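# Structural overview
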Amino acid sequence: MGKSINVSLIGNPNTGKTSLFNRLTGLNQQVGNYPGITVEKKEGICKLDRGLKAHILDLPGTYSLNTTSLDESIVVETLLNRNSKDFPDVAVVVSDIENLKRNLLVFTQIKDLEIPTILVINMADRMERKAISLDIDLMQQELNTTVVLVSARKNLGIQELKDAIANYKQLTSEPCVNASVIDTEYFDNLKKTYPNQSVYKLWLVITQDVNFGKLDRNRDIEDLKKHKFDIKSEADLKKMQHKETVVRYQFINGLLKKVLTVDTANAKDIRTRLDRVLLHKVWGYLIFFVILLVIFQAIYDWSTYPMDWIDGAFASMSSWANNTFPAGPLTDLLAEGIIPGLGGIVIFIPQIAFLFLFIAILEESGYMSRVVFLMDHIMKRFGLSGKSVVPLVSGTACAIPAVMATRNIEDWKERLITILVVPFTTCSARLPVYLIIISLVIPDERILGGAFNMQGLTLMLLYLLGFVAAIFSAWVLNIILPINRKSFFVMEMPSYKLPLFKNVAITVIEKTKSFVVGAGKIIMAISVVLWILASYGVGEEFNNAEAIVNEQYANQNLTVEEMDQKVASHELEYSFIGYIGKGIEPAVRPLGYDWKIGIAIVSSFAAREVFVGTLATIYSVESDGEEEQTIKKRMAAETNPILGGPLFNFASGISLLLFYAFAMQCMSTLAIVKRETNSWKWPAIQFFFMTAAAYFAALGAYQILK
Amino acid sequence: MNTTIADLKRGETAIIKQFDGIDVPLKLLEMGCLPGNRVTMMQSAPFKDPIYLDINGTHLAIRRETAVTIRVELDG
């Protein structure tokens, strides 16, 4: 075991910090959570020379150490707490050659915390094209640290960076800007009260607590009060922070005048030309719409192949298990509980991977910010922000990261509304329910000269319905929520980049993995519980099912197989789950469902994706398990016990689609909303309103269409 | 002297003079929107909101309601 040092990667958003992190750690990384909060914590290991290992922490992107959001607060926390196991031995600040000035702001702040800090200038490969030249030696001298030019994209300078990290002991921890000039008296007092501490650190503790609210360190503020230190009012502190920013920019401007030369004649670039088209008042919107259309058509068409294959593979695995192992409850559990349950998880992988692939490409290329720009004015009218578009679009993958992605919305009201309406967007867990029902009730035909598939178009309509529901409820919430807006909106427009394969691949793998492991556990557990509930029961009707059925059909000359089927069906009806299903049947019958769908819906309240798995479990328990039948065929064969005809017809299908479009059926989302809004009030409101909307929409649709 | 960023036409450049009102978002300063800096209006969305600016090489978008509080002087 070699020695290990702690490295924190810090930098503005859009500087290629994550690309650099991926370069340094490769797949040797893990994503977790900071204790008690839901911000993603990305860590990785990088091997340096001579057996030295660097434990690298990729901190959230931040423009400064002035805390206004949870993400920034994490960066500040990490850098202030010397006792934390994450406290860096060396900080690596990532900047981008084209935005050096703005990127240096946070660098000067970190340097002033007296932490050894390396400055990385990324995208160095663009220097020549942009006619930028930089005096690195002078820069190192002025900033009193090591400056490394890299290109994460072209894999240049990475070794030099590793060497610089390995030699971190040679770095001084001297500050570079004297922030105390903004109010000498105040800082002198601070120094007198705490002679042994860095004044800049104290200053950050004060501003963070006053502006952002106390996390775990209110002791510091209490302590200051005990020492009769006048902290000053919030408005005064804010003015001082403004002054601090100006002082830092003066230093940076002075520095860059000496070291940086840019030939501005070359400034007209691809960005301007692309923006002209992509942000055009007509073409811009049209292009956005076409991109969405392509994504949904592609997901629908491409993922059906691996999905059919997975569906078939699990069906044959079940029958293989049934035929191979000795009959008994364990084999039944495996063949009818565990394997179909696993299948219900694995079948999502193609779609989730595709969705995250597209989202990652849009984010990486810089196009997502253009979407925010195009949509802000419209979204504002509905009480949302242009930045709500990103959560609403990522909501099509999963509401959980989407709710977390609302953090960069500055205005609380806009943020709260976004959180409340995001679960209406069509998340990937709804997809399997949609896909299976669409394939049952919508004809597989091409329309408009064969350009569009009816089923694909229906799916697209469902996605649109999700958005419309989200936007409409946002509009209502904006009117009824008694919160004053204190809105301001600043967004960086990053330059366009070709998405890096490695970054996209890592995002897709990470997100898919976290879905399979996270949601998979719930689905698995529910499948097993369902199987138990469906396989056991009490009372005469269950225990003597065979005798009762034999008697009932004694005169009808049924084959052995038909008889077995009847017995299984009778057992299921009187099992635990049968009783539960019968109990809720009166509530779901007006929507066009039978008690089996009722059970699937009830179990879906834990997580929607359970729906298909539940039906698979129920039907395979019911069938004799001998023949290899896919879940789709089973569903198509179901008949309506009262009206006759297929159970899944156009009316009940549409009713089910609408129910799943609106209902709040995801425990994990509710838990995240509770954490992000810090109260049970909002998730409770969300749950009751969405579910009520779902019930009445489904009721209306079935009663009209039947 | 009553020109604000919201009055700039596409491609026009100006110098930032001062902010109206006390509640200037700190984030705006952090992104380089400081008095004395040059600002170029790049593009605007329909209804001139939001507005896409180039401030000393930093490209950012702000809403119209913020833009009308930033006074500028036309350059050249």
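Definitions and cut-offs
- Residues numbered from 1 in each chain as written.
- Chains lettered and ligands numbered in written order.
- Predicted model: local features only at pLDDT ≥ 70, side-chain atom pairs only at ≥ 80, totals over all residues.
- Heavy atoms only, no water.
- Helix = DSSP H or I, 4+ residues; strand = E, 2+ residues; numbered from the N terminus.
- Buried < 20%, exposed > 50% of the residue type's maximum accessible area, 1.4 Å probe, protein only.
- Contact = heavy atoms within 4.5 Å.
- Areas by Shrake-Rupley, 256 points an atom, 1.4 Å probe, with all protein chains shown as cover.
- Axes fitted to C-alpha atoms, helices over the stretch in contact; angles between N-to-C directions.
- Parallel < 35°, antiparallel > 145°, perpendicular 65-115°, else oblique.
- Nonpolar A, V, L, I, M, F, W, Y, C, P; charged D, E, K, R; others polar.
- Patch = residues over 30% accessible without salt bridge, like charges linked within 9 Å, V, L, I, M, F, W, Y side chains within 5 Å.
- Salt bridge = Lys/Arg side-chain N within 4 Å of Asp/Glu carboxyl O.
- Lys, Arg positive; Asp, Glu negative; His and termini not counted.
- Charge placed at Lys NZ, Arg CZ, Asp CG, Glu CD.
- pLDDT = per-residue confidence, 0-100.
- Buried area = accessible area lost by both parts, 1.4 Å probe.
- Polar contact = N/O pair within 3.5 Å; in protein donor to acceptor, adjacent residues only side chain to side chain.
- Pairing = 2+ DSSP bridges.
- Phe/Tyr/Trp six-rings, centres within 6.5 Å; stacked < 30°, edge-to-face > 60°.
- Lys NZ or Arg CZ within 6 Å of the ring centre and 35° of its normal.
- 1 Å grid on protein atoms, 1.4 Å probe; cavity = no way out; pocket = protein on both sides within 12 Å on 5 of 7 lines; lining within 4 Å.
- Points joined across faces, edges and corners; volume = space filled by probe spheres on them.

### Structural notes on the overall build of chain A
For chain A, the helix and strand inventory stands at 30 helices and 12 strands. Across its three principal axes, chain A shows a C-alpha extent of roughly 100 × 55 × 55 Å. Within chain A, buried positions represent 56% of all 706 residues. Look at the contacts in chain A between residues 6 or more apart in sequence, and 73% of them connect residues 24 or more apart. In the structure as shown, chain A presents an accessible area of about 30,800 Å², 60% of it carried by carbon and sulfur atoms.

### A look at helix α5 (residues 158-166) of chain A
Within α5 of chain A the residues assigned to the buried category are I158, L161, K162, A164, I165 and A166 of chain A. Residues of α5 of chain A that are buried make contact with β1 (4-11), α1 (17-25), β3 (40-47), β5 (90-96), β6 (117-122) and β8 (147-149) of chain A.

### A closer look at the packing of helix α24 (residues 576-588) of chain A against helix α25 (residues 595-604) of chain A
Residues and elements named next belong to chain A. Where α24 meets α25, the closest approach of the two axes is 8 Å, and the angle between their N-to-C directions is 95°. Accordingly, the angle class assigned to the pair α24 and α25 is roughly perpendicular. Of α25, the residues touching α24 (which contributes I577, G578, G581, K582, I584, E585 and V588) are W595, G598, I599 and V602. Along the lines of polarity and charge, the residues of the contact of α24 with α25 split into six nonpolar, three polar and two charged.

### Concerning a negative patch on the surface
All names here are of chain A. A contiguous patch of negative charge, built from E546, E561, E562, D564 and E571, is present on the exposed surface. The greatest single-element share of the negative patch, amounting to four residues, is contributed by helix α23 (residues 560-573). By relative accessible area, which is 31% here, E571 ends up partly exposed.

### Observations regarding the pattern of salt bridges
Scanning the entire structure with this criterion turns up 18 salt bridges over all chains. Of the charged contacts in the structure, one is a salt bridge between R248 of chain A and E244 of chain A, with a shortest N-O distance of 2.8 Å. Of this pair, R248 of chain A and E244 of chain A both sit in helix α9 (residues 234-259), separated by four residues, roughly a single helical turn. A relative accessible area of 1% places R248 of chain A in the buried class. For E244 of chain A, a relative accessible area of 3% translates into the label buried. Salt bridges linked by common partners bring D376, K380 and E414 of chain A together with D49, R63 and E65 of chain B together as one network.

### Considering the confidence of the model for chain A
All names here are of chain A. In the predicted model, chain A carries a mean pLDDT of 83, and the fraction of residues at 70 or more is 91%. Of all secondary-structure elements in chain A, the lowest mean pLDDT belongs to helix α8 (residues 218-226), at 60, while β6 reaches the highest, 94. Considering only residues more than four positions removed or in separate chains, one finds that residues 214-218, a stretch of pLDDT under 50, has nine contacts. Across residues 624-628 the pLDDT falls below 50, and counting only partners more than four positions away or on other chains, this stretch makes seven contacts in the model.

### A short note on the interface of chain B and chain A
Facing 32 residues of chain B, the contacting portion of chain A comprises 42 residues. Taken over both partners, the interface formed by chain B and chain A buries close to 3,300 Å², and the fraction arising from carbon and sulfur atoms is 58%. Seen at the junction of chain B and chain A, the total is five salt bridges. Linking R63 of chain B and E414 of chain A is a salt bridge whose minimum nitrogen-to-oxygen distance equals 3.1 Å. Counting the contacts that link chain B with chain A gives 16 residue pairs in polar contact (both at pLDDT 80 or more). Secondary structure elements with two or more residues in the side of chain B that touches chain A: α1 (26-30), β2 (38-44), β3 (51-55), β4 (58-62) and α2 (64-67) of chain B. Of the residues contributing to the side of chain B that touches chain A, the split by class is 17 nonpolar, eight polar and seven charged.

### Details of the sheet that holds β2 of chain B
Strand order in the open sheet formed by six strands is β12(A)-β4(B)-β3(B)-β2(B)-β1(B)-β5(B), with antiparallel pairing between adjacent strands. The two strands at the open ends of the sheet, each matched to only one other strand, are β12 (490-492) of chain A together with β5 (70-74) of chain B. Mean inter-strand twist for the sheet, computed between neighbouring axes without regard to direction, equals 40°. Judged from the three bridges that link them, β12 of chain A and β4 of chain B form a sheet pairing that is antiparallel. Across the sheet, the residue bridging to V490 of chain A is I62 of chain B, located in β4 of chain B.

### Side note on the packing of aromatic side chains
Describing an aromatic ring pair means giving the distance of the ring centres and the angle of the ring planes. All names here are of chain A. Under the definition given, this model contains 13 aromatic pairs over all chains. On the basis of an interplanar angle of 90° and a centroid distance of 5.6 Å, the ring pair of Y695 and F696 is categorised as edge-to-face. Put simply, the rings of Y186, F187 and W203 pair up and form one aromatic cluster. The ring of F489 carries K387 above its face, with NZ or CZ at 5.2 Å from the centroid.

### Some remarks on empty space enclosed by the protein
Residues and elements named next belong to chain A. Evaluated as defined, the whole model comprises one cavity of 30 Å³ or more. Computed from the structure, the largest cavity encloses a volume of approximately 100 Å³. Around the largest cavity sit 11 residues that line it, and L292, I295, L362, V393 and T396 are the ones nearest its centre. Residue assignment for the lining of the largest cavity shows that the elements contributing at least two residues are α11 (283-324) and α13 (349-365). Among the elements that take part in the lining of the largest cavity, α11 stands out by supplying five residues, more than any other. Among the residues making up the lining of the largest cavity, the classes are represented as 10 nonpolar, one polar and no charged.

### Quick look at the packing of α1 of chain A against α5 of chain A
Residue and element names in this part refer to chain A. Contact geometry of α1 with α5 gives a least axis separation of 11 Å together with a crossing angle of 80°. Taken together, the axes of α1 and α5 are roughly perpendicular relative to one another. Residue-level inspection shows L20, R23 and L24 of α1 in contact with α5, the latter providing I158, L161 and K162. Considering only residue class, the contact of α1 with α5 consists of four nonpolar, no polar and two charged.

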